[in-house]
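This is what each chain is made of:
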Amino acid sequence: MTRARLSGRFRTVLRTSLGFAALGFGASICGAGVVFLLLALQGIPSGVGGNDWTLVVCSAGYVALSLLAGTVWTGVLQRRTAIWFLFGRPPSPEEARRALRLPVDLALVSGTLWSIGAAGLGILTAVLGSGWDAGGVTLTIALGGLTTVGLTYLAAEWVARPVMTLALDVAPPTGNLPTTVLTRLVLTWMLASGVPLLGVLLLAAPPYLGTDDPTTSLLLLGAIGLVVGAMATGLLAKAVAAPLHRLRTALDEIARGRMDVSVPVDDASEIGMLQNSVNELVAGLREQERMRDLFGRHVGAEVARHALEHGASLSGDVREVTALFVDVVDSTALAYRLPPPELVRKLNQLFSCVVDAVNTHGGLVNKFQGDAALCVFGAPTRLSDPATSALRAARAIRDAVRAAGELDLGIGVACGPAFAGQLGTSSRLEYTVIGDAVNEAARLTEHAKRVPGRILASDAVLDACGGGERAHWSWHATVQLRGRQSATGTWADEP
């Protein structure tokens, strides 16, 4: 790891540690101060007489002791996380689970110390004063402890977020969640309403706690409820509303077609499960897009679209198509003379010219057959003038290959009715075109290799093409094609 990255991680660990320390000290001191203030305002305890200083000193001593114990305890919990985080290594599954439990563990630390304090000071008050005073002290400390524990838990989730993000990469949230949205909502309700209202009830309802007028204490409880409620709501918004906003933004991007979206999984509750699900959704869509792209590259974009629209079925129909067949001259001698990588390079350059020209004129490169290619115009996409498109593509292919100067070729063009559809079995399909026009184009290619322009088109193609394209062609000859009983009139393009 570079020094800069190590320094950055050290600063992050230091900020997190200081955040936990400030959280522990601040929450405990504020909670203890509010408890003492409420007890003083209500005159609790009232029956300890001259022993009140003993109670105050013991309370202050316990606060100091609990701060020290809490700091050490928190340091031990953090140490298990800080080591792997500082050195940049991914945590083990057990280390990740411990890191995800940090907010719960810190809340347990705070709750344990407050519970011991409530029990101990309550017993001490009972010994020095009365049972009624002991009950008042215990209830007041318990309410302060509940408030402190709730704020500690919500704030610890926010402070520990950098560590939890890395831990969730190793241990993504599953059914057994360390925290839930319901837990946060209950804690927020408890801090904003539950504890303050319970304190109000204990002060205002008989039998009355304390000996002094409860008005000031009630006002203090109302102010505490407002402040603590606002803090708890803010932490809830950071924990729930902010991730949901990021998720909505990410889903909007996905809906617009972006597949490079990634949502950081930084929450151990159901929101984290939702974040993880969105990332899995995007990964699945990217894989589908990759498969669609590969499928389109192998069979052609139009065939891929046809298959997606009509499904995997052995179906098709008879179309009026124009077939264009391209074949390399003297390919056997080339294969003997050239090393395979060089031959493949030349063929790829040829097929690049074929694909560019055919796609430009709306056709389909149906298949590559070694050093030959079969191209179709009129299927699966219907064209208004497939013959003209095929003749223009043939001339473009011939010109591009001649400009490259590496291979010689022959091109045959024929048209007629043909079956266009998926052929094969239910487990292996191939889109193909079968008909006399395909065979005629392949046979014309053999003769085209001996024509100066290297292209021969049948009578039917010239009859079907537009007048502007027909001007490029002139009568060549009547030829007898292999496997056909009648002669075929052919036309050539003399460049």
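Note that the structure is predicted; figures quoted are calculated from it, not measured. (Residues numbered from 1 in each chain as written. Predicted model: local features only at pLDDT ≥ 70, side-chain atom pairs only at ≥ 80, totals over all residues. Heavy atoms only, no water.)

A.B. asks: Help me out: how do you make sense of the overall build of the chain in this one?
C.D. replies: Across its full length, the chain holds 16 helices and eight strands. Buried residues in the chain amount to 44% of all 495 residues. Sequence-distant contacts in the chain: of pairs separated by 6 or more residues, those separated by 24 or more amount to 74%. Carbon and sulfur atoms make up 63% of the accessible area of the chain, which amounts to about 24700 Å² in all. (Helix = DSSP H or I, 4+ residues; strand = E, 2+ residues; numbered from the N terminus. Buried < 20%, exposed > 50% of the residue type's maximum accessible area, 1.4 Å probe, protein only. Contact = heavy atoms within 4.5 Å. Areas by Shrake-Rupley, 256 points an atom, 1.4 Å probe, with all protein chains shown as cover.)

A.B. asks: Help me out: how do you make sense of the packing of aromatic side chains in this one?
C.D. replies: Two descriptors summarise a pair of aromatic rings, namely the distance from one centre to the other and the angle between the planes of the rings. In this structure the tally under the stated criterion is two aromatic pairs. Geometrically, the ring pair formed by Phe351 and Phe368 is tilted, given 4.4 Å between the ring centres and 40° between the ring planes. Of this pair, Phe351 sits in helix α12 (residues 340-360) while Phe368 sits in strand β2 (residues 364-369), and the two are 17 residues apart along the sequence. Judged by its relative accessible area of 43%, Phe368 falls in the partly exposed class. Between Trp475 and Trp491 the ring centres are 5.7 Å apart and the planes differ by 90°, which places this aromatic pair in the edge-to-face class. Taken together, the positions of Trp475 in strand β7 (residues 474-479) and Trp491 in strand β8 (residues 488-492) put the pair 16 residues apart, joining distant regions of the chain. Classification of Trp475 by relative accessible area gives partly exposed; the value is 45%. (Phe/Tyr/Trp six-rings, centres within 6.5 Å; stacked < 30°, edge-to-face > 60°.)

A.B. asks: Sorry, what's going on with empty space enclosed by the protein here?
C.D. replies: The gaps of empty space that remain are located by a probe, the size of a water molecule, rolled over the atoms. By the definition in use, this model includes four cavities of 30 Å³ or more. Roughly 50 Å³ of internal volume is contained in the second largest cavity. Every residue along the wall of the second largest cavity is listed here: Lys346, Gln349, Leu350, Cys353, Val401, Ala404, Glu406 and Leu407. When contributions to the lining of the second largest cavity are tallied by element, the ones reaching two or more residues are α12 and α13 (386-404). Looking at which element gives the most residues to the lining of the second largest cavity, the answer is α12, with four residues. (1 Å grid on protein atoms, 1.4 Å probe; cavity = no way out; pocket = protein on both sides within 12 Å on 5 of 7 lines; lining within 4 Å. Points joined across faces, edges and corners; volume = space filled by probe spheres on them.)

A.B. asks: Please clarify how the confidence of the model for the chain should be interpreted in this entry.
C.D. replies: Scored by pLDDT, the chain has a mean of 81; 83% of the residues are at 70 or more. For the chain, per-element mean pLDDT is lowest for helix α10 (residues 301-310), which scores 59, and highest for strand β6 (residues 455-458), which scores 95. (pLDDT = per-residue confidence, 0-100.)

A.B. asks: Would you explain the nonpolar core in this entry?
C.D. replies: When a protein is soluble and globular, its nonpolar side chains tend to lie buried together. Counting 35 residues, the largest nonpolar core has Leu324, Leu350, Val354, Leu391, Ile397, Ile411 and Val413 as the members making the most contacts within it. Only β1 (316-328), α12, β3 (372-377), α13, β4 (409-425), β6 and α15 (459-464) provide two or more residues apiece to this core. With eight residues, α12 is the largest single contributor of residues to this core. Grouped together as the second largest cluster of nonpolar side chains are 23 residues, Ala323, Val376, Ala420 and Val438 included. (Core = buried A, V, L, I, M, F, W, Y, C linked by side-chain atoms within 4.5 Å.)

A.B. asks: Teacher, can you tell me more about unusual backbone geometry here?
C.D. replies: Glycine aside, the phi torsion of most residues is negative, and most peptide linkages are trans. Between Ala379 and Pro380 the backbone carries a cis peptide bond, its omega angle lying at -5°. Mapped onto the fold, Pro380 is located in the loop between β3 and α13. The backbone of Asp330 shows a phi angle near 55°, a positive value even though the residue is not glycine. If you trace the backbone, Asp330 turns up in the loop between β1 and α11 (331-337).

A.B. asks: What am I meant to see in the pattern of salt bridges here?
C.D. replies: Should their charged atoms come close, side chains of opposite charge can pair. Inspection of every chain in the model, using the stated rule, returns 22 salt bridges. Between Glu253 and Arg256 there is a salt bridge; the shortest N-O distance is 2.8 Å. In this structure Glu253 comes out as buried when scored by relative accessible area, which is 19%. Arg256 gets classed as exposed once you look at its relative accessible area, which sits at 60%. The salt bridge partner of Asp408 is Arg454, with a shortest N-O separation of 2.8 Å. Within this pair, whereas Asp408 is found in the loop between α13 and β4, its partner Arg454 is found in the loop between α14 (436-448) and β6, the two being separated by 46 residues in sequence. Among the residues examined, Asp408 registers a relative accessible area of 28% and is labelled partly exposed. (Salt bridge = Lys/Arg side-chain N within 4 Å of Asp/Glu carboxyl O.)

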